[in-house]
Amino acid sequence: MTHWIVAPVVLPAMLAAFILLVVRFHLNLSRVFSVAGVMALLVIGAALAWQASDGTVSMYQLGNWAAPFGIVLVADRLSTMMVLLTAVLALLVLLYAIGSGWDRRGQHFHALYQFQLMGIMGAFLTGDLFNLFVFFEVLLIASYGLMIHAGGNDRLRAGTQYVLYNLLGSTLFLFALGAIYAETGTLNMADLANRVEMIAPENSTGIRVAAVLLLLVFAIKAAIAPLHFWLPSSYAEAPAPVAALFGIMTKVGAYAIIRIYTMVFPPDLETTGGLYGMWLLPLALAGLVIGMIGVLGAKRLDRLVAFSVIGSMGMLTTAVALFTPAGISAALYYVIHSTLATAALFLIVDLVRTGRGQAGLALRAAQPIAGGPMIAALFFVAAIAMTGLPPLSGFVGKLLILDAAFGTPLVWVTWAAILGSSLIAVVGFSRAGSVMFWKSHQQRDTFSDDTLSGDQLGVAEPQGPKARIPVLELVSVGGLITLLVLHTVLAGPVTRYMDATTQQLFSPGQYIRAVMDVPGKDLSTDAYHADDAKEDSGPIGDRLGEPVTEEEN
Amino acid sequence: MEFLFASGVGVLTAAGLYLVLRLRTFPVIIGASLLTYAVNLFLFASGRLTIGAPPVLMDGVTRYSDPLPQALVLTAIVISFGMTAVVVVIALGAYLGADDDHVNDPQESDSEDRA
């Protein structure tokens with residue numbers, strides 16, 4: 001048993017505590033440790049992904065207790081891929097946070113950032129449903145801190161909404177877990193997969209309720225149609241690097257749906273059959289359309305990007321809801337694309353915000369910003385990726401999803417929604433980009449001084465408030481864009497890898513055997529514990545046995 | 001006993017939901033707390049309701065209470081307590097900052113934002 005699987009969880013946890021306790025007054029040291037930690041995570045993530053890439057499923061028993069009694073972490077293709085993606089995203093976003101000085105504007109950014117990473121990594125690796133809940137809470141409580149980082153009234157209000165919404169989501173999660181435990185007597189995913197299969201369809205009321213509750217919880221995290229209302233304000237008000245990192249948090253919901261609903265409640269299971277085709281697909285399409293209409297209707301650039309996240313999660317869920325190998329494979333390709341594109345857009349929006357100063361992010365022409373052509377180019381590249389125009393990876397992902405939807409009964413509705421919403425998104429993004437970047441230049445050329453309103457007075461100094469060249473920020477955004485391009489160029493190998501991943505997901509036998517067949521610690525041969533058991537059993541048995549007999553007497 | 005317990009969970013949940021829908025921070029936080037109480041009781045019941053059974057698995061006892069839900073409830077209590085504390089602090093910050101304790105967004109003035 002290799003201990004490296006637990007490293008992505010333990011390393012950020014230790015580092016966060018270290019940063020918090022030892023170097024919290026030294027910004028530069030915090031930065032150094034934070035970046036070093038994320039780089040180590042990247043190496044570990046790459047090593048785990050490489051280990052899992054040949055199809056082995058490795059498992060780590062925490063405290064060496066055997067499943068299903070102990071908690072297990074499992075590294076298969078899907079989870080290591082998500083861990084690697086998180087590490088890559090975390091590094092680039094952290095560079096941006098340092099370069100733009102966001103980490104300086106409030107307390108404890110780096111410690112919270114590491115705790116956030118710990119929660120995300122744990123959620124991807126765990127093989128236990130209750131442990132998934134705990135890691136959700138870890139990532140949420142860190143995200144509450146990050147969300148209101150640097151303060152401000154609007155941010156605090158959005159933060160309150162975000163915390164309350166997620167508090168209710170956590171309650172729902174616990175209800176689902178209670179129902180699942182009451183029905184099956186286990187919360188280990190592999191064990192659950194075995195036991196849910198054994199439930200007869202006529203006794204399946206409880207487990208069906210539990211399956212739907214659980215889907216609702218993950219739908220809240222993934223911002224699927226009627227449960228997406230928390231997202232626009234939270235993402236728009238959150239500090240830009242945090243919003244970029246939150247891009248992976250919606251994917252945690254999508255990951256959980258893919259994981260649980262391929263293994264525990266597979267689509268061919270009689271008790272929960274029909275759940276996805278009938279409910280999830282229409283909701284996903286609704287989310288797609290709502291998100292993209294939101295893109296067209298948004299009055300501020302940050303809300304526009306937030307709505308595009310809802311749209312892209314809708315697209316992702318559409319692919320998941322098909323629940324065919326082709327659909328899941330397309331969804332996995334789209335997960336990577338959507339995470340990178342979302343992060344890039346949020347960071348670019350922050351560059352625009354910094355450049356525009358007083359004018360803010362409202363969609364109207366203002367003074368041209370310093371480095372405008374560069375930022376405009378980055379914005380349009382990211383927008384092309386997000387809306388799924390050729391040649392970038394969004395197009396490839398959309399093509400894969402359209403292809404996967406081809407044989408399904410709802411093909412016309414699906415195609416119409418995907419293509420129609422893409423058109424709306426293209427219009428929305430081009431309108432926003434034209435107003436923000438091009439119209440500003442027009443105004444500078446045509447407006448004479450006496451027609452200037454208060455907002456546009458800044459036109460007199462075209463240099464804008466920003467004099468230095470944002471090197472680290474551009475490196476970060478450029479890195480994300482480069483990854484998007486690579487994701488497009490290497491679409492062939494990536495798709496093959498996703499196909500292999502999907503194959504592993506759809507034959508969960510290997511996962512279940514890897515978790516269930518490994519024995520844990522053997523207490524009977526352990527001298528210390530064997531003695532314990534002998535000594536304790538007598539007195540405790542007497543002590544605890546008594547009330548029972550009294551009751552019965 | 002089952003009926004009483006289930007009604008208790010149901011009433012707590014209903015009251016919690018009603019308060020959450022009030023959309024002012026104080027009732028909403030109280031409502032969320034009631035919901036967490038309800039879910040803690042529900043988790044307890046997921047191990048089946050028993051009276052006077054020994055709490056841990058041991059030799060020679062055939063009837064024992066399930067230890068796992070108790071561990072789950074303990075975790076859930078700790079987490080929900082922490083979460084409630086966080087939301088109280090953030091809501092207090094929002095209230096003191098904006099002098100308004102509504103949870104939902106204020107009405108925006110449209111004319112200002114239009115391009």
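Residues numbered from 1 in each chain as written. Chains lettered and ligands numbered in written order. Predicted model: local features only at pLDDT ≥ 70, side-chain atom pairs only at ≥ 80, totals over all residues.

Quick word on the overall build of chain A
(1) Moving on: From N to C terminus, chain A includes 20 helices and two strands.
(2) Moving on: Taking contacts inside chain A between residues at least 6 apart in sequence as the whole, the part at least 24 apart equals 79%. (Helix = DSSP H or I, 4+ residues; strand = E, 2+ residues; numbered from the N terminus. Contact = placed C-beta atoms within 7 Å.)

Remarks on the packing of helix α1 (residues 7–21) of chain A against helix α2 (residues 27–52) of chain A
Residue and element names in this part refer to chain A.
(1) Moving on: Running from amino to carboxyl end, α1 crosses α2 at an angle of 175°, the nearest separation of the two axes being 10 Å. On the basis of their axis angle, the class for α1 and α2 is roughly antiparallel. The segment α1 lies against α2, with A7, P8, L11, P12, L15, F18 and I19 engaging S30, F33, S34, G37, A40, L41, I44 and G45.
(2) Moving on: Among the residues forming the contact of α1 with α2, the class breakdown is eleven nonpolar, four polar and no charged. (Axes fitted to C-alpha atoms, helices over the stretch in contact; angles between N-to-C directions. Parallel < 35°, antiparallel > 145°, perpendicular 65-115°, else oblique. Nonpolar A, V, L, I, M, F, W, Y, C, P; charged D, E, K, R; others polar.)

Observations concerning the interface of chain A and chain B
(1) Moving on: Facing the 37 residues of chain A at the interface are 38 residues of chain B.
(2) Moving on: In terms of residue class, the side of chain A that touches chain B is made up of 21 nonpolar, eleven polar and five charged.

Description of the packing of helix α12 (residues 301–322) of chain A against helix α13 (residues 325–356) of chain A
Residue and element names in this part refer to chain A.
(1) Moving on: As a packed pair, α12 and α13 sit with axes 9 Å apart at the nearest point and diverge in direction by 175°. By the angle between their axes, α12 is roughly antiparallel relative to α13. Taking contact as the criterion, the partners of L301, D302, V305, S308, V309, S312, M315, L316, A319, V320 and L322 in α12 are, on α13, G327, I328, A330, A331, Y334, V335, S338, T342, L345, F346, V349 and V352.
(2) Moving on: Of the residues in the contact of α12 with α13, the class split is 17 nonpolar, five polar and one charged.

Side note on the pairing of strand β2 (residues 72–75) of chain A
Looking along a regular strand, one sees the side chains alternate between the two faces of the sheet.
All names here are of chain A.
(1) Moving on: Along β2, one buried face is formed by V72 and V74 and the opposite face, lined by L73 and A75, is buried too.
(2) Moving on: Two strands pair when backbone bridges link them, and strand β1 (residues 58–61) and β2 are joined in this way by four bridges, in the antiparallel orientation. Bridge pairing links M59 to V74 in β2. (Buried ≥ 20, exposed ≤ 12 C-beta atoms within 10 Å, placed from the backbone. Pairing = 2+ DSSP bridges.)

A word on α13 of chain A
Residue and element names in this part refer to chain A.
(1) Moving on: For α13, spanning 32 residues, the distance from its first C-alpha to its last is 46 Å, which sits close to the expected 46 Å at 1.5 Å a residue.
(2) Moving on: Of all 32 residues in α13, 29 are buried; the element is thus mostly enclosed.
(3) Moving on: Directly beyond the C-terminal end of α13, a positive phi value near 55° is found at G357. (Expected span 1.5 Å × (residues − 1).)

A closer look at the nonpolar core
All names here are of chain A.
(1) Moving on: Among the nonpolar cores identified, the biggest contains 228 residues, and A344, I348 and A382 are the most heavily contacted of them.
(2) Moving on: At 19 residues, α13 tops the list of elements feeding residues into this core.
(3) Moving on: The residues contacting I348, other than those within four sequence positions of it, are I375, L378, F379, A382 and V477. (Core = buried A, V, L, I, M, F, W, Y, C linked by C-beta atoms within 7 Å.)

Points about the environment of I207 of chain A
Residues and elements named next belong to chain A.
(1) Moving on: Tracing the sequence through the fold places I207 in helix α8 (residues 205–222).
(2) Moving on: For I207, a count of 23 C-beta atoms within 10 Å gives the class buried.
(3) Moving on: A C-alpha to C-alpha distance of 6.2 Å links I207 and I180, two positions 27 residues apart in sequence.
(4) Moving on: When neighbours within four sequence positions are excluded, I207 is seen to be in contact with E183, V196, I199 and T271.

A word on the confidence of the model for chain B
All names here are of chain B.
(1) Moving on: Looking at chain B, pLDDT values average 85 and 90% of them are 70 or higher.
(2) Moving on: For chain B, helix α4 (residues 110–113) is the element with the lowest average pLDDT, namely 44, and helix α1 (residues 2–20) is the one with the highest, namely 94.
(3) Moving on: In the predicted structure, residues 109–115 sits below a pLDDT of 50 and forms six contacts with residues beyond four places in sequence or in another chain. (pLDDT = per-residue confidence, 0-100.)

As for the confidence of the model for chain A
Keep in mind that low pLDDT regions are not for reading the predicted coordinates in detail.
Residues and elements named next belong to chain A.
(1) Moving on: Per-residue confidence for chain A gives a mean pLDDT of 86, with 89% of residues at or over 70.
(2) Moving on: Here residues 447–466 scores under 50 on pLDDT; set against residues more than four positions off or in separate chains, the count is 29 contacts.
(3) Moving on: Every residue in residues 535–553 is under pLDDT 50, and counting partners more than four places away or in other chains gives 15 contacts.

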